[in-house]
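Chains, contacts and geometry: an overview
Spelled out from the first residue to the last, the chains are:
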Amino acid sequence: MSRRIETHAVHANGLTFEVDTCGVGDRLALCLHGFPELAFSWRHQLPLLARLGYRVWAPNLRGYGRTSRPASAADYALPHLVADVAGLIDAAGARQALLIGHDWGGAIAWHAALRHPQRLERLIVLNMPHPACFLDGLAGWRQRLRSWYIAAFRVPWLPERLLAAGHGWLAAEAMAATASDRSRFPPAVLGVYRDAASRPGAMKAMIDYYRALPLAGPPPDAVAALREPIEIPTLMIWGEDDFALGRELLRGTRAFVPNLVLRTLPGISHWVQQEAPETVNALIAAWLTDRPVPVPLAGGRVPGAWGPGGEPGVSPA
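Anyway, here's the lowdown on the structure attached to this text. Note that the coordinates shown come from a computational prediction; the quantities given were computed from them, not determined experimentally.

**Let's talk about unusual backbone geometry**
Following Phe35, the chain continues into Pro36 via a peptide bond in cis, with omega recorded as -5 degrees. Here Pro36 is to be found in the loop between strand 3 (28-32) and helix 1 (46-51). Positive phi, normally seen in glycine, also occurs at Asn13, with a value near 55 degrees. With respect to the helices and strands, Asn13 occurs in the loop between strand 1 (6-12) and strand 2 (15-22).

**Points about the pattern of salt bridges**
Within this structure, the stated rule accounts for 14 salt bridges. The partner of Arg211 in a salt bridge is Glu160, with the nearest N and O atoms 2.6 Å apart. Of the two residues, Arg211 is situated in helix 9 (residues 202-211) and Glu160 in helix 7 (residues 158-178); the sequence distance between them amounts to 51 residues. The partner of Glu240 in a salt bridge is Arg247, and the shortest N-O contact between them spans 3.5 Å. A single salt-bridge network, built from bridges that share partners, covers Glu160, Lys204, Asp208 and Arg211.

**Here we look at the packing of helix 7 against helix 8 (residues 187-197)**
Taken N-terminus to C-terminus, the directions of helix 7 and helix 8 make an angle of 130 degrees; their axes are 8 Å apart at the nearest point. Regarding the angle of helix 7 to helix 8, the classification is oblique. Both helix 7 and helix 8 take part in a crossing whose hand is right-handed. Residue-level contacts link Ala164, Gly166, His167, Gly168, Trp169, Ala171, Ala172, Met175 and Ala176 of helix 7 to Leu190, Tyr193, Arg194, Asp195 and Ala197 of helix 8. Here the contact of helix 7 with helix 8 is composed, by residue class, of nine nonpolar, three polar and two charged.

**Considering a nonpolar patch on the surface**
Side chains of Val155, Trp157, Leu158, Leu162, Trp169 and Leu170 sit close together on the surface and give an oily, nonpolar patch of about 580 Å² of accessible area. Residue placement: Val155 occurs in the loop between helix 6 (148-152) and helix 7. With relative accessibility at 38%, the residue Val155 sits in the partly exposed group.

**Quick notes on the nonpolar core**
The biggest cluster of nonpolar side chains holds 72 residues, and the ones touching the most others in it are Phe35, Leu99 and Trp104. Beyond its immediate sequence surroundings of up to four residues, Leu99 is in contact with Leu30, Leu32, Val85, Ala109, Ala112, Leu120, Arg122, Leu123 and Ile124. Listed in part, the 31 residues of the second largest apolar core include Ala29, Ala58, Ile124 and Ala286.

What counts, and at which threshold
Residues numbered from 1 in each chain as written. Predicted model: local features only at pLDDT ≥ 70, side-chain atom pairs only at ≥ 80, totals over all residues. Heavy atoms only, no water. Helix = DSSP H or I, 4+ residues; strand = E, 2+ residues; numbered from the N terminus. Salt bridge = Lys/Arg side-chain N within 4 Å of Asp/Glu carboxyl O. Axes fitted to C-alpha atoms, helices over the stretch in contact; angles between N-to-C directions. Parallel < 35°, antiparallel > 145°, perpendicular 65-115°, else oblique. Left-handed = near helix turned anticlockwise from the far one by under 90°. Contact = heavy atoms within 4.5 Å. Nonpolar A, V, L, I, M, F, W, Y, C, P; charged D, E, K, R; others polar. Patch = residues over 30% accessible without salt bridge, like charges linked within 9 Å, V, L, I, M, F, W, Y side chains within 5 Å. Areas by Shrake-Rupley, 256 points an atom, 1.4 Å probe, with all protein chains shown as cover. Buried < 20%, exposed > 50% of the residue type's maximum accessible area, 1.4 Å probe, protein only. Core = buried A, V, L, I, M, F, W, Y, C linked by side-chain atoms within 4.5 Å.

Shape descriptors only; they carry no functional weight alone.
As structure tokens, then:
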């Protein structure tokens, strides 16, 4: 089975998505990236998932890369993003999918699980709390201070101008500077993100995800809907050194996700699947093959970790 990553254009939900693909078969794994990342952020996981028998799609989300870029901030509201997930599953000809999301992709994955549980076989979320837990966390000043950038991104035109300046230097540097292991973000990797951030209109679209959030928060009926249980088997992976999301946001998750396996990675940052791909792959592989999911040690290490390409190996110190 080929584990070569190829890129294709996929038409779904009225848009054209640039999709990195790997593997073949009827079982779909859909990987959703975060801000300011790309499908490229899943480069270490796609071969693993293909090895496990999945046909893997990692789209550049709307507005990113060469994916369609709607002009209005309202076009980046969560209902549209969730509809993209359903559209991509339909475009793949799949009845159900394994849905994997990190950061903004994790937020979309949570909402897709709440709105379309019948479309999902399993759910994996990396460094994005359950939306009800996130709202509860925002009631305290600690997480409000961590989330200062959400308010800053509502300022017209200035955020995208700053982040795209210097051929996207700040957008890419934000990842490297907040990583626990900067060596995981060498110039070649940062160059991919800089190229994407500097595309005309791209950074505005990326910031518009935040501008599309309700200014006063979701209405009461929507908050109640967020607290409905998600029965789908779920794996959460959390880098403990997250600069933007406190570990306390994990509290209470099991009340909303009863079929939950949670693993935290000490010494690993928000950019967990790029910074600790060996460990993330080991956890995913164990969970998807119904084996005991190891508990990471200091530095996010696990014994017998899987390499970035999906081959068994040893996690580095």
